[in-house]
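Listed here are the chains, written in short residue letters.
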There are 2 protein chains.
Amino acid sequence: MQTDPLSAKFAALADPTRRAILARLTQGEASVNELAEPFDMSLPAVSKHLKVLEKAGLISRGKEAQWRPARLEPMALKGVADWLEHYRRYWDASFDRLDAYLKNIQKGDPSGPRN
Amino acid sequence: MQTDPLSAKFAALADPTRRAILARLTQGEASVNELAEPFDMSLPAVSKHLKVLEKAGLISRGKEAQWRPARLEPMALKGVADWLEHYRRYWDASFDRLDAYLKNIQKGDPSGPRN
DNA sequence: AATGCATTTAACCGAACGGTTGACAACGCG
DNA sequence: CGCGTTGTCAACCGTTCGGTTAAATGCATT
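What comes next concerns the included structure. (Residues numbered from 1 in each chain as written. Chains lettered and ligands numbered in written order. Predicted model: local features only at pLDDT ≥ 70, side-chain atom pairs only at ≥ 80, totals over all residues. Heavy atoms only, no water.)

## Considerations on the interface of chain B and chain A
Put simply, the rule is: Residues count as neighbours in contact if any of their non-hydrogen atoms are within 4.5 Å of one another. Two parts placed together each lose some accessible area under a 1.4 Å probe, and adding up what both lose gives the buried area. The term salt bridge refers to a side-chain nitrogen of Lys or Arg lying within 4 Å of a carboxyl oxygen of Asp or Glu. Counting of polar contacts relies on pairs of N or O atoms within 3.5 Å, with two restrictions inside protein: one atom must be capable of donating a hydrogen and the other of accepting it, and residues adjacent in sequence are counted only when both atoms are side-chain atoms.
Listed per partner, the contact involves 27 residues of chain B and 29 residues of chain A. Of the roughly 2600 Å² buried at the junction of chain B and chain A (both faces included), carbon and sulfur atoms supply 69%. Among the ionic pairs, Asp4 of chain B bridges to Arg19 of chain A, the shortest N-O distance being 3.0 Å. Counting across the chain B and chain A interface gives 8 residue pairs in polar contact (both at pLDDT 80 or more).

Written out as structure tokens, the structure is:
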């Protein structure tokens, strides 16, 4: 696992089990057993996945008696979205037009896009 | 490396060197040597990173004489953005009220759907 | 044909990943 | 207290990752 936060987030998301866990958590908090139920995998394995997600900041854990419920920490995902946003202009056509417009007015053309 | 495309993309993005390569490619095509220049790392290492990015669909390679320039394949990033979009409501302020509602029904508010 | 440049392939290495099993810790309850 | 439930820890295992060096490939130039 890398040390920089963005790498940790991407690495955490690069596993279908962990993404499924996140999807489940959009329904609300869940215990480890509840989270493990859909998977053909031991409990410690799920526990490890949760630890990866927690270290990446994508979830946080609670403590209620012997339960340690996990909940979504969605601002971490916003961090990923913000990184992606830098590339939006390279796929989004409507963003391209806006970008061209902004570049033109920055060049001092008051009438808008040129070409 | 996983077989499903989304995992491959996230895994490819989980490395700062590879993200730096993508950033460089927003300036336009580049040869392997050009891409390797900023990094304190051998050429084969960069070549491997490019292969990871290519298998993830994030870049494509050309062939001009002995050069194999890499270029950005931005629609692949859009795939990642689309996945993230499912979670926007969980961080975006404009969805705060919906989020509060969902949290209430999850606590067992009998007026809402049950988990 | 020989040289030189750009890039990839092959073999190898240590560290991290994703999983297992078995033991252990923490808590609620009879 | 003793017990069952919940979850983590520790050790281990095979595979993948990210890097290296050395050799091979592809192409242009002379």
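From this point, things continue past the structure.
## Focus on the environment of Leu6 of chain B
Heads up, the condition is: Only DSSP runs of H or I covering at least 4 residues are called helices, and only runs of E covering at least 2 are called strands; the numbering of each starts at the N terminus. We call a residue buried when its accessible area falls under 20% of the maximum for its residue type, exposed when it is over 50%, and partly exposed in between, using a 1.4 Å probe and counting protein chains only.
Tracing the chain through its elements places Leu6 of chain B in helix H1 (residues 5-13). Looking at Leu6 of chain B, the relative accessible area reads 18%, which means it is buried. For Leu6 of chain B and Ala56 of chain B, which are 50 residues apart along the polypeptide, the C-alpha to C-alpha distance reads 8.2 Å. Among residues more than four places away in sequence, those in contact with Leu6 of chain B are Arg19 of chain A together with Gly79, Val80 and Trp83 of chain B.

## Here we look at the packing of aromatic side chains
So the rule is basically this: Each Phe, Tyr or Trp ring (for Trp, its six-membered ring) is paired with any other whose centre lies within 6.5 Å, and the angle between the two planes then decides the class: stacked below 30 degrees, edge-to-face above 60, tilted in between.
The full count for this structure, using the stated rule, is 7 aromatic pairs over all chains. With a centroid separation of 6.4 Å and an interplanar angle of 50°, the aromatic rings of Tyr87 of chain A and Tyr90 of chain A are classed as tilted. Given the relative accessible area of 5%, Tyr87 of chain A is considered buried. Given the relative accessible area of 25%, Tyr90 of chain A is considered partly exposed. Measuring from centroid to centroid gives 4.8 Å for Trp83 of chain B and Tyr87 of chain B, while their planes differ by 40°, and the two rings are tilted. Here Trp83 of chain B and Tyr87 of chain B have matching classes, each one buried. Grouping aromatic residues by their ring pairs yields a cluster made of Phe10, Trp83, Tyr87 and Tyr90 of chain A together with Phe10, Trp83, Tyr87 and Tyr90 of chain B.

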